[in-house]
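Residue strings, one per chain:
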Protein chains: 2
Amino acid sequence: MLQASFRRKKPRSPIPAANFCPLPRNPSVKQTDLINRRILLASRPQGLPAPENFRIETRPLPALAEGEVLLRTLYLSLDPYMRNVMNEDGPVYAPSISLGEVMIGGTVCRVTESRHPAFQAGDLVLANSGWQDYAVSNGEGLMPLGATDRPSLALGALGMPAFTAYVGLLDIGQPQAGDTVVVAAATGAVGSIVGQIARIKGARVIGIAGGAEKCRHAVENLGLDACLDHRNPLFAENLAASCPQGIDVYFESVGGAVFDAVLPLLNVGARVPVIGVIAHYNDTDTRLPGPDRRPELMTAILQKRLLMQGLIILDHYERRFDAFRQDMETWLAAGLVIPTEDIAEGLEQAPAAFIGMLRGSNLGKLVVRVSD
Amino acid sequence: MLQASFRRKKPRSPIPAANFCPLPRNPSVKQTDLINRRILLASRPQGLPAPENFRIETRPLPALAEGEVLLRTLYLSLDPYMRNVMNEDGPVYAPSISLGEVMIGGTVCRVTESRHPAFQAGDLVLANSGWQDYAVSNGEGLMPLGATDRPSLALGALGMPAFTAYVGLLDIGQPQAGDTVVVAAATGAVGSIVGQIARIKGARVIGIAGGAEKCRHAVENLGLDACLDHRNPLFAENLAASCPQGIDVYFESVGGAVFDAVLPLLNVGARVPVIGVIAHYNDTDTRLPGPDRRPELMTAILQKRLLMQGLIILDHYERRFDAFRQDMETWLAAGLVIPTEDIAEGLEQAPAAFIGMLRGSNLGKLVVRVSD
């Protein structure tokens, strides 16, 4: 069903092509059956990561011990949280990566060899094997995917980003029919799902995105009622004009100037799930020049009885993943949710694609196709 | 039961005596049976209110129409929210007072004359008749108090401040046995009740207050595990030392530097009911010099999955007041909650007592005894 999904392949991104080749394009470092390419954290970024913060190295494939499986990466997920674990002081919810360690990341893998009773060669699994061609696993944390004609969805519309959208919107945001829901990063991996679920729940949905192409996509393909370009100098005025009844739910993943425009429009009793503050991930100091906007926020929380709550999706798998999975499969099958994927080709493109995502150049869920 | 309650009468306050006489001490403006003294908003304060922002005037008592009652004020409640309604742009939850209007406020009144079928002369009622000796009411919003030997509690431990403590702590804060609960303004009208309810729920309770006298009161009389003086230069270090397990619930009514010290100590999943930001009520601009602390707060909300929620108690009477009343009467009777009242004598003292409260000079619920 062609209309029911969108894939964009690099390099349709506005990022200059030079940025897409941080690593030598050497045929010897293509994925093979014998060599494991691994992308390591070479140095800690100051602000926006640069290609030189990453290093690729090759290793021979390891031999398996009893009880282990060898995984070959098909798809690697690239997500904003990875920026935080690159810092020396990692976020509270995950340890930071040491220098010289493989970058972490969710993956869809094929079991190529198994000495584990629960897995057979050929099995497709969801794993956390990181930015590399191959990994050895003792089976812990592997989730069998069964038969699927689009395994990459396990990293997006059926995986962590969409699950984040689901729990954040439904459990914290609690949109009611007729509510105005505003979603930041509306064409991103999480935001694109938030908007579509909010529409299913009968809300009026206003997206916020960077640039005309994204905004058009949000309205034409994702079915949002409107989408506003935060790069437009009249953004705040446009947002106010698009929300004549104020805002009942603001799905926050951005922070910064976007939140400045949203805050005065929040209604009494509005809910603000916070699943990211990507505008601040590259801040080298979280205490920034004035004005100090915290008193204004605290006053708004009080006077408007706002509910703000942070969400790290790892907390919720046990309690909510089954419900999510069931609902999302129904919505996908009915065409009520349309997944958007932005696919970078080849493991060696991961650093540039990741940097581009932090700059906002992706459209939908960003994945790297590591092998077919 | 003398030990089971604390009353402090003005002028035990550290506020200079001169501040307590903003209005002419003229015997002709004492409460009488013939004259209504009214305290009006004379001008809008810039920052902390000053005595000249208020004006007293006298009026003859009005005649009653059919269906009306005449109320004589016994006690007037003074509360921080009144600062906000003095601004031209009032808070969202209440209209601002016009210049020349009587200051608003909750009161305990005696019905002195009634042409209303539901009320008789001599009835005691909870009213919202403001800063004046007498008021005429059509009965709307009056709550009969029945027989009570301490009617002022209807403004404190059995009224709005304690109800705020109850809903904020139990419904938003949700303390569990063993949790560390930190309460700002721990000896104030709301905070003193929060701490005692949190103790009842089995939490370890750390108070924050201004000055040694208040801190001693919080520990010795209110039963808190510790109380820290926020004026101490080592306040942040002391708070950290008193919360070795971090903070699970922070009951916020202050903002500013107190919140600065609390934020790094909040645990993953901590709850932060926000019932006031008194540190900012006198800000002439809510956008203050840097550093900008909002990104730091947003990052903490995300990474620690904080829940912050504002509370305006007016929203909750219908749903929760009966449960509060029942629980609180039980706790008061059992001596588990001990009310603290700070009583200013005479309507003419209301402005100075109010200003003193905004500076933190009250201990417990501040009420004005207008007549016996």
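Residues numbered from 1 in each chain as written. Chains lettered and ligands numbered in written order. Predicted model: local features only at pLDDT ≥ 70, side-chain atom pairs only at ≥ 80, totals over all residues. Heavy atoms only, no water.

The name that an unreviewed UniProt entry assigns to chain A is NADP-dependent oxidoreductase, with the source organism given as Allopusillimonas soli.

Moving on to the sheet that holds strand β11 (residues 226-229) of chain B. Within a sheet, adjacent strands bond to each other through the backbone by hydrogen bonds, running parallel or antiparallel. With mixed pairing, 12 strands are arranged side by side in an open sheet as β11(A)-β10(A)-β9(A)-β12(A)-β13(A)-β14(A)-β14(B)-β13(B)-β12(B)-β9(B)-β10(B)-β11(B). The open sheet is flanked by β11 (226-229) of chain A together with β11 of chain B, the only strands paired with a single partner. Neighbour-to-neighbour, the strand axes of the sheet open up by a mean angle of 15°, direction not taken into account. Pairing geometry for strand β10 (residues 204-209) of chain A and β11(A), over 4 bridges, is parallel. (Pairing = 2+ DSSP bridges. Helix = DSSP H or I, 4+ residues; strand = E, 2+ residues; numbered from the N terminus. Axes fitted to C-alpha atoms, helices over the stretch in contact; angles between N-to-C directions.)

Attention now moves to the interface of chain A and chain B. Contacts between the two partners involve 44 residues from chain A, matched on the other side by 44 residues from chain B. Between chain A and chain B, a total of about 4100 Å² is buried, with carbon and sulfur atoms accounting for 61% of that surface. Considering only the surface of chain A that becomes buried against chain B, A:R294, A:L302 and A:R305 emerge as the three largest contributors, covering 19% of it. For the pair chain A and chain B, the number of links is 6 salt bridges. Taking the shortest distance from any N to any O, the salt bridge between B:R294 and A:D260 comes out at 2.8 Å. (Contact = heavy atoms within 4.5 Å. Buried area = accessible area lost by both parts, 1.4 Å probe. Salt bridge = Lys/Arg side-chain N within 4 Å of Asp/Glu carboxyl O.)

What follows covers the environment of B:A333. All names here are of chain B. Within the secondary structure, A333 sits in helix α9 (residues 317-333). With relative accessibility at 66%, the residue A333 sits in the exposed group. With 91 residues separating them in the primary sequence, A333 and S242 have C-alpha atoms 31 Å apart. (Buried < 20%, exposed > 50% of the residue type's maximum accessible area, 1.4 Å probe, protein only.)

Let us look at the packing of aromatic side chains. All names here are of chain B. Summed over the entire model, instances satisfying the criterion amount to 22 aromatic pairs over all chains. Ring geometry for F54 and W131: centres 5.4 Å apart, planes at 10°, overall stacked. In this pair, F54 sits in strand β3 (residues 54-60) while W131 sits in the loop between β6 (124-127) and β7 (134-137), placing the two residues 77 residues apart along the sequence. Residue class for F54 comes out buried when judged on its relative accessible area of 5%. On the basis of relative accessible area, W131 is assigned to the buried category, the value being 0%. Between F321 and F324, the aromatic rings sit 5.4 Å apart at their centres with planes inclined by 50°, giving tilted as the arrangement. Pair noted here: F321 and F324 are both in helix α9, with a separation of 3 residues, about one helical turn. (Phe/Tyr/Trp six-rings, centres within 6.5 Å; stacked < 30°, edge-to-face > 60°.)

For the rest of this paragraph, the subject is the pairing of strand β12 (residues 247-251) of chain A. All names here are of chain A. Within β12, 5 of the 5 residues are buried, leaving the element largely enclosed by the surrounding structure. By the bridge criterion, 3 bridges tie strand β9 (residues 180-183) to β12 in an arrangement that is parallel. Paired with V182 across the bridge in β12 is Y250. Pairing geometry for β12 and strand β13 (residues 266-274), over 2 bridges, is parallel.

Of the transformation placing chain A onto chain B, the axial shift is 0.0 Å and the rotation is 180°, giving an RMSD of 0.0 Å. Overall, the copies show the geometry of a two-fold rotation axis. A high fraction, 100%, of the interface residues of chain A reappear at the interface in chain B, so the copies pair face to face through one surface. (Least-squares fit on C-alpha atoms with pLDDT ≥ 70 in both.)

We now examine the pattern of salt bridges. This model, assessed by the stated rule, comprises 34 salt bridges over all chains. B:D292 is the salt-bridge partner of A:R293, the closest N and O atoms lying 3.2 Å from each other. Taken as a pair, A:R293 in the loop between α7 (278-281) and α8 (294-303) and B:D292 in the loop between α7 (278-281) and α8 (294-303) lie in two separate chains rather than in one. Judged on exposure class, the residue A:R293 and its partner B:D292 are both buried. Residue B:E345 is joined to B:R369 by a salt bridge in which the shortest nitrogen-to-oxygen separation is 3.0 Å. You can see B:E345 sitting in strand β15 (residues 340-345) and its partner B:R369 sitting in strand β16 (residues 365-369), a full 24 residues away along the chain. Taking relative accessible area as the criterion, B:E345 reaches 31% and is therefore assigned partly exposed.

Below, the discussion takes up the state of the cysteines. Put plainly, a disulfide is one covalent bond tying together the sulfur atoms of two cysteines. Residue and element names in this part refer to chain B. Taken as a whole and assessed by the stated rule, the structure comprises 0 disulfides over all chains. Free cysteine C243: the closest other cysteine sulfur is in C227, separated by 11 Å. Given a relative accessible area of 3%, C243 falls into the buried group. (Disulfide = S-S within 2.5 Å.)

Let's shift gears to the pairing of strand β16 (residues 365-369) of chain A. All names here are of chain A. With 5 of 5 residues buried, β16 lies mostly within the body of the structure. Alternating positions in β16 separate into two faces, K365, V367 and R369 on one and L366 and V368 on the other, with burial throughout. Alignment of strand β4 (residues 69-77) against β16, held across 3 bridges, turns out to be antiparallel. Across the sheet, residue Y75 finds its bridge partner in β16, namely R369. The sheet contact formed by strand β15 (residues 340-345) and β16 spans 5 bridges and is parallel. Note on β16: the bridge partner recorded for E341 is K365. Handedness of the crossover is the feature at issue here: the chain leaves β15, passes through helix α10 (residues 350-358), returns alongside β16, and the resulting connection is right-handed. (Right-handed = clockwise from strand over helix to strand, strands pointing away.)

On to the side chain of B:D342. Structurally, B:D342 can be placed in strand β15. A polar contact of 2.7 Å, which involves the side chain of B:D342, links it to the backbone nitrogen of B:L363. (Polar contact = N/O pair within 3.5 Å; in protein donor to acceptor, adjacent residues only side chain to side chain.)

On to the confidence of the model for chain A, then. On average, chain A scores 90 in pLDDT, and the residues at 70 or more come to 90%. Throughout residues 11-29 of chain A the model reports pLDDT below 50, and contacts reaching past four residues in sequence, or to other chains, amount to 28 contacts. (pLDDT = per-residue confidence, 0-100.)

Below, the discussion takes up the domain arrangement of chain A. In many analyses, interface size is given as the accessible surface area lost on bringing the parts together. All names here are of chain A. Segmentation of chain A into domains returns domain 1 (2-156 + 339-369) and domain 2 (160-314). Between domain 1 and domain 2, the contact holds 25 residues from the first and 18 residues from the second. The junction of domain 1 with domain 2 conceals about 1700 Å² of combined surface from both sides, 57% of it contributed by carbon and sulfur atoms. The tally of links between domain 1 and domain 2 comes to 0 salt bridges. The tally of links from domain 1 across to domain 2 stands at 4 residue pairs in polar contact (both at pLDDT 80 or more). If you list the elements that add at least two residues to the side of domain 1 that touches domain 2, you get β1 (6-9) and α1 (81-85). Classifying every residue of the side of domain 1 that touches domain 2 by side-chain character gives 10 nonpolar, 9 polar and 6 charged. (Domains from an automatic or database assignment. Nonpolar A, V, L, I, M, F, W, Y, C, P; charged D, E, K, R; others polar.)

Once that is clear, we can look at α8(B). All names here are of chain B. Burial runs high along α8: 10 of the 10 residues are buried. Every buried residue of α8 is accounted for by R294, P295, E296, L297, M298, T299, A300, I301, L302 and Q303. Immediately beyond the C-terminal end of α8, within one or two residues, lies R305, with a positive phi of roughly 50°.

Residue and element names in this part refer to chain B. You can see D79 is positioned in the loop between β4 (69-77) and α1 (81-85). In this structure D79 comes out as buried when scored by relative accessible area, which is 5%. At a separation of 2.6 Å, a polar atom in the side chain of D79 contacts the side chain of S77. When sequence neighbours within four positions are dropped, the list of residues in contact with D79 reads M160, P161, F354, M357 and K365.

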